[in-house]
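The lines below spell out each chain.
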Amino acid sequence: QVQLVESGGGLVQTGGSLRLSCTTSGRTFSSYAMGWFRQARGKEREFVSAINWSGGLTTNADSVKGRFTISRDNAKNTVYLQMNSLKPEDTAVYYCAATNRVWGVTRRGEDYDYWGQGTQVTVSS
């Protein structure tokens, strides 16, 4: 069983930055591909960013390209999402997710087996 705990959310003004962290339990973090998803109120969950087990391969949603960066530190069992140039439309609950069924990266929520509880990000205009 893998437990994921997100942190780093909060309230920020348009154009500001936040860094989300997701720390996992267990000793096999480096074998998991990780992803970030978000869900705004009244909307479906959407993919944000993903990273493979080594950190050498990443993919991002078009809506965040050039603004968000995903990274991981396998020694700390942690994946990060650096969010810059934030916009009001980035307001959502952000979730991290883990899978060991995918060798590379995946944008599909159904490929992930473990999810965190979410952290709220609010961007004021």
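Moving on: the packing of aromatic side chains. Applying the stated rule across the entire model yields six aromatic pairs. Geometrically, the ring pair formed by F37 and Y112 is edge-to-face, given 5.3 Å between the ring centres and 80° between the ring planes. A residue pair is termed long-range when its members are at least 10 positions apart, and F37 in strand 4 (residues 33-39) and Y112 in the loop between strand 9 (92-99) and strand 10 (114-115) qualify at 75 residues. Taking the relative accessible area as the measure of exposure, Y112 reaches 5% and is therefore buried. Plain terms: the ring middles of Y112 and W115 are 6.1 Å apart, the flat faces sit at 65° to each other, and that makes the pair edge-to-face. Clustering of aromatic rings is evident, with ring pairs tying together F37, F47, Y112 and W115. A cation sits over an aromatic face here: R45 above F37, 5.5 Å from the ring centre. We note R72 situated over the ring of F29; from NZ or CZ to the ring centre the distance is 4.4 Å.

This part takes up the state of the cysteines. All told, the structure shown has one disulfide when counted by the stated rule. Paired through a disulfide, C22 and C96 show a sulfur-sulfur distance of 1.9 Å. Taking the sign of the S-S torsion, 50° for the link of C22 and C96, the bridge is right-handed. Here C22, found in strand 3 (residues 18-24), pairs with C96, found in strand 9; they are 74 residues apart in sequence, far enough to count as distant. One exposure class covers both C22 and C96, and it is buried.

Calculation criteria
Residues numbered from 1 in each chain as written. Predicted model: local features only at pLDDT ≥ 70, side-chain atom pairs only at ≥ 80, totals over all residues. Heavy atoms only, no water. Phe/Tyr/Trp six-rings, centres within 6.5 Å; stacked < 30°, edge-to-face > 60°. Helix = DSSP H or I, 4+ residues; strand = E, 2+ residues; numbered from the N terminus. Buried < 20%, exposed > 50% of the residue type's maximum accessible area, 1.4 Å probe, protein only. Lys NZ or Arg CZ within 6 Å of the ring centre and 35° of its normal. Disulfide = S-S within 2.5 Å.

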